[in-house]
Amino acid sequence: MAVIEVNNLTKDYDHGRGIYDVSFEVNKGETLGFLGPNGAGKSTTMRHLMGFAAAQKGSAKILGMESRKEYAKILAHVGYLPGEVALPEGLNGTGFINMMQGLRKAKDQGRLEKLLDIFSIDLQQNVKRMSIGEKRKLAVVAAFMNDPDILLLDEPTSGLDPVMQEKFIEFIKEEKKRGKTILLSSHIFAEVEALCDRIAIIKEGKIVSVVEAAEVKHGLRKIVEITFNWKNDYHKFLLEKFEFESTDEEQNKVNIIMEDADINRFLDIIVNYNIASFVENPVTLEEYFMHFYKNDRKFGGVTNGKSNKYQ
Ligand SMILES: Nc1ncnc2c1ncn2[C@@H]1O[C@H](COP(=O)(O)OP(=O)(O)OP(=O)(O)O)[C@@H](O)[C@H]1O
Ligand SMILES: [Mg+2]
């Protein structure tokens, strides 16, 4: 069941800026990673889902309710962590937490204390004077304090130190186990890899790909680098039926692209050769997505969760 639904959502800010016909959904209990370069439209999409902005076309719905029309009802079910945390003047941490408890009708003191403990926040400090990371931790606590079933997290760990990032990932893993539905925008691949079930890629305001995280990981090819001791082995190996990514005659070296299905055949063949070195280089999710960010290879052609192979 789709808990978050975005259909042909369009907001044109002119000069090619904005979001155009953005469509995706997040099912109950699912975590969808929302990836894309700076200015691609992630925060804009999330703001529309929170009902903070009016679209020119299309719809943004949460639990079947139109975000713009029913934002007050939606707010009771959603924890939102904005990309840029703006905290009110004149409050210290405790004051801000008390204010948010009232606004969010968060009565579970035990949960609040648990969150404050995980993210170890100094509540005495004036919120305006807090560091970027401290502000973000406070916003994380505010987003989660009333234990919402749906979470819109816009770059939740940006500004957090590595220990806090790790704590945050562990915390979200627990929340996932509790069945939460999460839309998470991020530039941090470790976070995406650890948490996301599917990944939607947005570029220049348009969704270019939606992939199953497990399928991407499984579909990634390995590059195997083999250096032969003898030139004649090198030449003989070139006649074997493998996909060669590159060859280097001077160094008797080949790079072959290996699928899981090729491994047994490869092992049978390679024992007949005299090898100087063998290095396996798996393509990581990070490398996979970096190609997309750098725009140096064709990426995508994947919709409805059917992934292609790394190419
Ligand atoms: N209120 C606005 N008025 C005019 N242009 C806007 C407005 N909000 C966003 N934009 C533009 O829309 C585009 C998408 O911005 P958005 O903040 O959604 O990107 P993003 O994917 O969240 O980027 P980042 O990774 O840097 O957070 C950008 O080109 C931005 O300049
Ligand atoms: Mg953003």
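Residues numbered from 1 in each chain as written. Chains lettered and ligands numbered in written order. Predicted model: local features only at pLDDT ≥ 70, side-chain atom pairs only at ≥ 80, totals over all residues. Heavy atoms only, no water.

## Details of the packing of helix 3 (residues 93-103) against helix 5 (residues 132-144)
Thought 1: Two elements in contact, helix 3 and helix 5, have axes whose closest approach is 10 Å; the angle formed by their N-to-C orientations is 25°. Judged by the inter-axis angle, helix 3 sits roughly parallel to helix 5. Between helix 3 and helix 5 the crossing geometry is right-handed. Together, Gly-93, Phe-96, Ile-97 and Met-100 of helix 3 and Leu-138, Val-141 and Ala-142 of helix 5 make up the contact between the two elements.
Thought 2: In the contact of helix 3 with helix 5, the residues fall into six nonpolar, one polar and no charged. (Axes fitted to C-alpha atoms, helices over the stretch in contact; angles between N-to-C directions. Helix = DSSP H or I, 4+ residues; strand = E, 2+ residues; numbered from the N terminus. Parallel < 35°, antiparallel > 145°, perpendicular 65-115°, else oblique. Left-handed = near helix turned anticlockwise from the far one by under 90°. Contact = heavy atoms within 4.5 Å. Nonpolar A, V, L, I, M, F, W, Y, C, P; charged D, E, K, R; others polar.)

## A short note on the nonpolar core
Thought 1: Among the nonpolar cores identified, the biggest contains 51 residues, and Phe-119, Leu-138, Phe-144, Leu-153 and Ile-199 are the most heavily contacted of them.
Thought 2: Broken down by element, the residue count for this core peaks at seven residues, all from helix 5.
Thought 3: Setting aside residues up to four positions removed in sequence, Phe-119 forms contacts with Lys-137, Val-140, Val-141, Met-164, Phe-168 and Phe-171.
Thought 4: Counting 26 residues, the second-largest nonpolar core is a separate cluster that includes Ile-19, Leu-32, Phe-34 and Val-210. (Core = buried A, V, L, I, M, F, W, Y, C linked by side-chain atoms within 4.5 Å. Buried < 20%, exposed > 50% of the residue type's maximum accessible area, 1.4 Å probe, protein only.)

## Examining the packing of aromatic side chains
Thought 1: For the coordinates displayed, the defined rule picks out twelve aromatic pairs.
Thought 2: Each ring, one from Phe-266 and one from Phe-278, has its centre 5.8 Å from the other, and the planes form 35°; the classification is tilted. Here Phe-266 is found in helix 10 (residues 263-270), whereas its partner Phe-278 is found in strand 14 (residues 275-282), with twelve residues between them in sequence.
Thought 3: For Phe-278, a relative accessible area of 42% corresponds to the partly exposed category.
Thought 4: In textbook terms, an aromatic cluster arises when at least three aromatic residues are bridged by ring pairs, as seen for Phe-228, Phe-237, Phe-242, Phe-244, Phe-266, Tyr-273 and Phe-278.
Thought 5: Note that Lys-236 overlies the ring of Tyr-273, its terminal NZ or CZ placed 4.8 Å from the centroid. (Phe/Tyr/Trp six-rings, centres within 6.5 Å; stacked < 30°, edge-to-face > 60°. Lys NZ or Arg CZ within 6 Å of the ring centre and 35° of its normal.)

## A few points about the sheet that holds strand 11 (residues 222-228)
Thought 1: An order of 12-13-11-14 is seen for the four strands of this open sheet, with the pairing classed as antiparallel. Each edge of the open sheet carries a strand with a single partner, namely strand 12 (243-248) and strand 14. Neighbour-to-neighbour, the strand axes of this sheet turn through a mean angle of 15°, independent of strand direction.
Thought 2: Pairing geometry for strand 11 and strand 14, over seven bridges, is antiparallel. Across the sheet, residue Val-224 finds its bridge partner in strand 14, namely Glu-280.
Thought 3: Across the sheet, helix 10 is in contact with strand 11, strand 13 (253-258) and strand 14; its angle to strand 11 comes to roughly 5°. (Pairing = 2+ DSSP bridges.)

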